Structures are given as structure tokens and as C-alpha cells.
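Here is what each chain is made of, one letter per residue.
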Amino acid sequence: MKVSHNWLKELVQININPNELSEKLSIGGFEVESLTDCSSLVNGVVLGKVIDVEKHKDSSKLSICKVDVGLSKNLQIVCGANNVRPNIYVYVAKVGSHLSFLDITIKKTEIRGVLSEGMICSLEELGLETNSEGIAIIEENIAERHNLGSLAKDLLLLDDYIFDLAITANRPDGMSVIGIARE
């Protein structure tokens, strides 16, 4: 059975970290088969705003974007998505970020002679959808509640851990989140 750490915290006061709770649950008879950090898919990904877009002179499919991620200088990012345009909010993987779903680390790179300092991401590239038609465009009312450069895990509400519990037949009290919270 999968149980959210955040959901447990809504039901009972927890003063220890998820790893310690995992150990205590196992000692209490609820074997924790795995503990998953939900935010691991979006480590290093932040909120950005596309300021300017111009077509790449050596490619009909690529665009050169200026993206504000809350730093003193805008990032220049080469993007191949057809839905990129100025004044939209996007998820940006900064240089050094590791996108675990794609198993790539973002580096400064030159694409057809133009420096790219990051990656504007789709939800598919983040491992959050099975198919995306382009980059993820964040709704203004959500984005404007956060500062540029805010972590994607906060926007996507992925700051959580999931316990995968092996519930044995003699512990039917553990077949619900409330039962686990009681424990």
C-alpha cells in the first residue's frame, strides 16, 4: 500500500524525517518496501518566464529564448518546441540539473552555433506525463504566486515522500492511511 508522508502529517503530528519514520514503521510491523522522494524528478528545475523569442537563423524548428529565472542575468536557451512564445511561464532545468526521467545532466552547450544555458521542459521530459505536445506552460495565476526561480517541486506540489508498505494479513488496521497514522 502506498502512503503519502504529507497526508500522514495532516492526520498526526510527525516530528521526525521520512527516513526515521520509515524505520519506525518497519519496527512497528509495517515493512517499508521503498521510500520515494516525489521531488526527485524535478531537482534543479525552477520557474522561469520567457522574455523574448527569436528564430534560429540556421534552423526552421529552433528558437533562441531569453528566459528570466530570477537571476541578475537572463538565460539564453535554445528551444525546439513549437509552442514557445514571449510572456509565458515555464519550467526551466538550469545548468547542473539532472533530469532523472531522461537520465541527462543539463550543461551549457552550443546548438548550431548558439550557446544554450539550460532547458525549457515539457511535463513528459520531467517524467510527469506520458505524452506532451510541447513545453509545459504554467498558468499565470499559479506562477504569479511564486517568485521567478522558485523550485518546480513547490509549484507542482511534489514536496512529499511516498512509503510503499507491505501490509501482512495479521495487520488489517494498516489497510488505510488512518490506520497507519494511528500506528
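Above this text sits the structure in question.
These remarks concern the structure in this document.

1. Regarding the overall build of the chain
For the chain, the count of helices and strands is 5 helices and 13 strands. Against the 2.2 N^0.38 benchmark of 16 Å for 183 residues, the chain shows a C-alpha radius of gyration of 20 Å, more extended than a compact globule. Carbon and sulfur atoms form 48% of the exposed surface of the chain, whose accessible area is close to 10,500 Å². Looking at charge distribution, the chain has the averaged site of its 18 positive side-chain charges lying 6 Å from that of its 26 negative ones.

2. Brief notes about the pattern of salt bridges
Proximity of charged atoms lets side chains of opposite charge pair with each other. The final tally for this structure, using the stated rule, is 3 salt bridges. Close ionic contact of Lys2 with Asp164 constitutes a salt bridge, the shortest N to O distance being 3.5 Å. With Lys2 in strand S1 (residues 2–4) and Asp164 in strand S13 (residues 161–166), this residue pair connects regions lying 162 residues apart in the sequence. Taking relative accessible area as the criterion, Lys2 reaches 61% and is therefore assigned exposed. Since its relative accessible area comes to 17%, Asp164 is described here as buried. A salt bridge links Lys153 to Asp159; the nearest nitrogen and oxygen atoms lie 3.7 Å apart.

3. Notes on the side chain of Ser116
The topology assignment puts Ser116 in strand S10 (residues 114–116). On the accessibility criterion, Ser116 (2% relative accessible area) is buried. For Ser116, the side chain forms a polar contact with the main-chain oxygen of Gly118, separated by 3.3 Å. Ser116 has contacts with Gln76, Ile77, Val78, Lys107, Lys108, Thr109 and Ile111, leaving out every residue within four places of it along the chain.

4. Observations concerning the pairing of strand S6 (residues 89–94)
Within S6, 5 of the 6 residues are buried, which leaves the element mostly enclosed by the surrounding structure. One ladder, built from 5 bridges, connects strand S3 (residues 45–55) with S6; its direction is antiparallel. Note that in S6 the partner of Gly48 across the bridge is Val90. As defined by bridge partners, S6 adjoins strand S11 (residues 118–121) across 4 bridges and the pair is classed as antiparallel. In the sheet register, Tyr91 faces S11, and the bridge partner there is Cys121.

5. Comments concerning a nonpolar patch on the surface
On the surface, Trp7, Leu11, Val12 and Ile178 cluster together to form a nonpolar patch covering roughly 370 Å² of accessible area. With respect to the helices and strands, the residue Trp7 is situated in helix H1 (residues 5–11).

6. Focus on the environment of Ala81
Tracing the backbone through its elements, the reader meets Ala81 in the loop between strand S5 (75–79) and S6. Of the residues examined, Ala81 reaches a relative accessible area of 16% and is grouped as buried. Sequence spacing of Ala81 and Ala136 is 55 residues, and the spatial spacing of their C-alpha atoms is 9.9 Å.

7. Digging into helix H2 (residues 18–27)
Every buried residue belonging to H2 is among Pro18, Leu21, Ser22 and Leu25, and all of these are buried. Projected onto a plane normal to the axis of H2, the buried residues spread over an arc of 105° and lie on a single side. Those residues of H2 that are exposed and aimed more than 90 degrees away from the buried face are Asn19, Glu23, Lys24 and Ile27. Next to the buried residues of H2 lie H1, strand S2 (31–37), S13 and helix H5 (177–182).

8. Focus on the environment of Thr168
For Thr168, the location among the structural elements is in the loop between S13 and H5. Taking the C-alpha atoms as reference points, Thr168 and Phe30, separated by 138 residues in sequence, lie 7.8 Å from one another. Among the polar contacts made by the side chain of Thr168, one reaches the side chain of Asn170 at a distance of 2.5 Å.

9. A look at unusual backbone geometry
Of note, Asp103 is a non-glycine position whose phi angle comes to about 55°, a positive value. Examined against the element boundaries, Asp103 turns out to sit in the loop between strand S7 (98–99) and strand S8 (104–105). Look at Asp103 and you get exposed, because its relative accessible area is 58%. Phi at Leu157 is positive, roughly 55°, even though this residue is not glycine.

Cut-offs and rules
- Here the residue numbers are simple positions, counted from 1 along each chain's written sequence.
- Side-chain atom pairs in this predicted model are given and counted only at pLDDT of 80 or more, local residue features only at pLDDT of at least 70, and totals for whole chains, interfaces and linings cover all residues.
- Values reported for side chains reflect all heavy atoms of the structure, with hydrogen atoms and water molecules removed beforehand.
- Runs of E in the DSSP output that reach at least two residues are strands. Runs of H or I that reach at least four are helices, and both are numbered from the N terminus.
- Note on method: radius of gyration uses C-alpha positions; expected globular size equals 2.2 Å times residues raised to 0.38.
- Reported accessibility uses the Shrake-Rupley method at a 1.4 Å probe radius. Residues are deemed covered only where the shown protein chains occlude them.
- Counted charges follow a simple rule, with Lys and Arg positive, Asp and Glu negative, and His plus the chain ends left uncounted.
- In plain terms, the charge of a residue is placed at NZ if it is Lys, CZ if Arg, CG if Asp and CD if Glu.
- Salt bridges are counted wherever a side-chain nitrogen of Lys or Arg sits within 4 Å of a carboxyl oxygen of Asp or Glu.
- Only protein chains enter the accessibility calculation, which uses a 1.4 Å probe; a residue is then buried when its area is under 20% of its type maximum, exposed when over 50%, and partly exposed in between.
- A 3.5 Å cut-off defines polar contacts: any pair of N or O atoms within that distance qualifies, except that in protein one atom must be a possible hydrogen donor and the other a possible acceptor, and neighbouring residues in sequence count only when both atoms are side-chain atoms.
- In this description, contact between two residues means that some pair of their heavy atoms is separated by no more than 4.5 Å.
- Strands were regarded as paired on the criterion that DSSP finds at least two bridges between them.
- What makes a patch is a set of residues exposed beyond 30% relative accessible area and free of salt bridges, joined within 9 Å when like-charged and within 5 Å when nonpolar (Val, Leu, Ile, Met, Phe, Trp, Tyr).
- For this quantity, the arc is that covered by the directions from the helix axis to the C-beta atoms.

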